[in-house]
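These are the residues of each chain, in order.
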Amino acid sequence: MITIKTKEEIEILAEGGKRLAFILQKLAKMVAPGVSTKELDTCAQEFALAGGDTPSFLHYQPDGAKRPYPASLCVSLNDEVVHGIPNEKSRRLKDGDIVSLDMGIVHKGLITDSAVTVIVGKGDAQARKLLKVTRDALQKGIEAARGGNRIGDIGHAIETFVAPHGFSHAEGLAGHGVGYAVHEDPYVPNTGRAGEGVVLKAGMVIAIEPMLNEGTGKIKLDQDGYTFRTRDGKRSAHFEHTIVITDGEPIVLTKNR
Ligand code: MG
Ligand code: MG
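In this text, all values refer to a predicted model and were calculated from it rather than measured experimentally.

1. Side note on the pairing of strand 8 (residues 184–188)
And step 1. Where strand 7 (residues 175–177) and strand 8 come together, three bridges link them in antiparallel fashion. Residue pairing across strands places Gly175 opposite Val188, the latter belonging to strand 8.
And step 2. What sits between the antiparallel neighbours strand 7 and strand 8 is a turn of six residues, in which Gly179 has the positive phi angle 140°.

Following this line, the structure appears as C-alpha cells:
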C-alpha cells in the first residue's frame with residue numbers, strides 16, 4: 001500500500017533527513033586509509049543515538065532474509081554493490097577503495113534513508129567517473145519525480161541518462177517508499193518506461209537510489225545473506241536520497257539544509 005504522509009509527518013521527516021545528511025557527511029569525511037569498516041559503523045550508531053534517534057537498519061529483517069541485519073550502517077566496498085556488513089568481518093580501507101555508505105535513521109518514529117559513495121584518496125579516473133555518473137543519475141531521477149508523473153518516468157530518466165556512459169544497473173535492486181517502515185511501496189526501479197506505473201502524488205515519500213556497475217549488471221548474494229556483489233568482480237557505486245513528492249519540484253529530505 002502506498003501511503004501519503006501528512007504535513008506534520010513531512011516536517012519530522014525533513015528534520016530526520018537533515019540529521020541523516022549530517023551523519024553521512026561526517027562518516028564520509030572519516031573515510032581514509034587504515035580506517036576500519038567497524039569504526040564507521042560504531043560512529044554511525046553513536047552519531048544517531050547522540051541526536052536522540054535510532055539507526056533503522058540495525059536488527060531490521062527484510063522479507064526473505066534469514067536473520068536481522070546486524071549493523072547500523074551498510075558499507076559496501078569496490079565490487080560490493082549494497083548491504084555490505086561493516087562489523088562482522090571488519091576491513092581496513094585502502095587507498096583507491098570505492099566506499100558506499102548507506103544508512104537510515106528513525107527520528108520521532110519516522111524513517112529516512114540515504115547513501116553516498118566516496119573514494120579513499122583520489123582514485124582512478126574510471127572510479128571518479130563511476131561516482132559522478134551515479135550521483136548525476138540520482139539527480140536526474142529526482143528531477144523526474146514530480147506530482148502527476150509516474151514511477152516509470154523516474155526509471156526512464158535515470159536509464160536514459162546512464163546509457164551513453166556505458167555503466168549498467170545492478171539488476172533486481174531498486175528504490176522504494178519509506179517513512180513508516182524501512183521499505184514501503186511503491187517499488188522505484190532505476191530503469192523503466194516513461195508514462196508507466198503508479199502516478200506520483202503530493203505527500204508520497206520515496207527513496208531513489210541508482211546503483212551503477214562498471215561491468216555487468218548481474219549481481220550475486222554473499223554467504224552472509226546480505227552483501228550483494230557484482231558477478232564479474234568489477235566495481236559499483238550507489239547514491240540515494242529520500243524525497244517527498246509535491247505538485248511541483250520534489251523536496252530532497254536527506255540533504256544538508
Ligand atoms: Mg539506503
Ligand atoms: Mg533505500
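Picking up where we left off.
2. Digging into the coordination of the magnesium ion (ligand 2)
And step 1. Every protein donor of the magnesium ion (ligand 2) is listed here as Asp113 (OD), His176 (NE2), Glu209 (OE) and Glu240 (OE), and their distances to the metal cover 2.1 to 2.3 Å.
And step 2. Within one chain, the residues donating to the magnesium ion (ligand 2) are spaced in sequence as D-x62-H-x32-E-x30-E.
And step 3. Between the magnesium ion (ligand 2) and the magnesium ion (ligand 1), the interatomic distance is 3.1 Å, and Asp113 donates to each metal, bridging them. Here the residue Asp113 occupies a position in strand 5 (residues 110–119), and His176 occupies one in strand 7, the gap between them amounting to 63 residues.
And step 4. Overall, Asp113 belongs to the buried group, its relative accessible area being 3%.
And step 5. On the accessibility criterion, His176 (5% relative accessible area) is buried.

3. Side note on the coordination of the magnesium ion (ligand 1)
And step 1. Coordination sphere of the magnesium ion (ligand 1), protein contribution only: Asp102 (OD), Asp102 (OD), Asp113 (OD) and Glu240 (OE), at 2.0 to 2.7 Å.
And step 2. As a motif over one chain, the donors of the magnesium ion (ligand 1) read D-x10-D-x126-E.

4. Remarks on helix 3 (residues 125–144)
Residues separated by three or four positions in an α-helix point in the same direction, a consequence of the helix having 3.6 residues per turn.
And step 1. In a regular helix each residue adds 1.5 Å, so 20 residues correspond to 28 Å; helix 3 covers 29 Å between its end C-alpha atoms and thus fits that length.
And step 2. For helix 3, every residue scored as buried is listed here: Ala127, Leu130, Leu131, Val133, Thr134, Ala137, Leu138, Gly141, Ile142 and Ala144.
And step 3. The distance from a side-chain oxygen at the start of helix 3 to the backbone nitrogen of Gln126 is 3.1 Å, and the residue carrying that oxygen is Asp124.

5. Thoughts on the nonpolar core
And step 1. Counting 27 residues, the largest nonpolar core has Ile154, Val162, Ile208 and Ile243 as the members making the most contacts within it.
And step 2. Looking at this core element by element, the count peaks at seven residues for helix 3.
And step 3. Of all hydrophobic cores here, the second largest spans 21 residues; its members include Leu27, Val75, Val99 and Leu101.

6. Comments concerning the packing of aromatic side chains
And step 1. Enumeration over the complete set of coordinates arrives at one aromatic pair.
And step 2. Between Tyr69 and Tyr226, the aromatic rings sit 5.0 Å apart at their centres with planes inclined by 80°, giving edge-to-face as the arrangement. Within this pair, whereas Tyr69 is found in the loop between strand 1 (54–55) and strand 2 (73–77), its partner Tyr226 is found in the loop between strand 11 (219–221) and strand 12 (228–230), the two being separated by 157 residues in sequence. For the pair Tyr69 and Tyr226, one class covers both residues: buried.
And step 3. Its end group placed over the ring of Tyr180, Lys5 keeps NZ or CZ at 4.5 Å from the ring centre.
And step 4. Over the aromatic face of Phe47 sits the side chain of Lys26, whose NZ or CZ is 3.9 Å from the ring centroid.

Rules used in this analysis
Residues numbered from 1 in each chain as written. Chains lettered and ligands numbered in written order. Predicted model: local features only at pLDDT ≥ 70, side-chain atom pairs only at ≥ 80, totals over all residues. Heavy atoms only, no water. Pairing = 2+ DSSP bridges. Helix = DSSP H or I, 4+ residues; strand = E, 2+ residues; numbered from the N terminus. Donors = N, O, S within 2.8 Å, 3.2 Å for Na, K, Ca; no water. Buried < 20%, exposed > 50% of the residue type's maximum accessible area, 1.4 Å probe, protein only. Expected span 1.5 Å × (residues − 1). Polar contact = N/O pair within 3.5 Å; in protein donor to acceptor, adjacent residues only side chain to side chain. Core = buried A, V, L, I, M, F, W, Y, C linked by side-chain atoms within 4.5 Å. Phe/Tyr/Trp six-rings, centres within 6.5 Å; stacked < 30°, edge-to-face > 60°. Lys NZ or Arg CZ within 6 Å of the ring centre and 35° of its normal.

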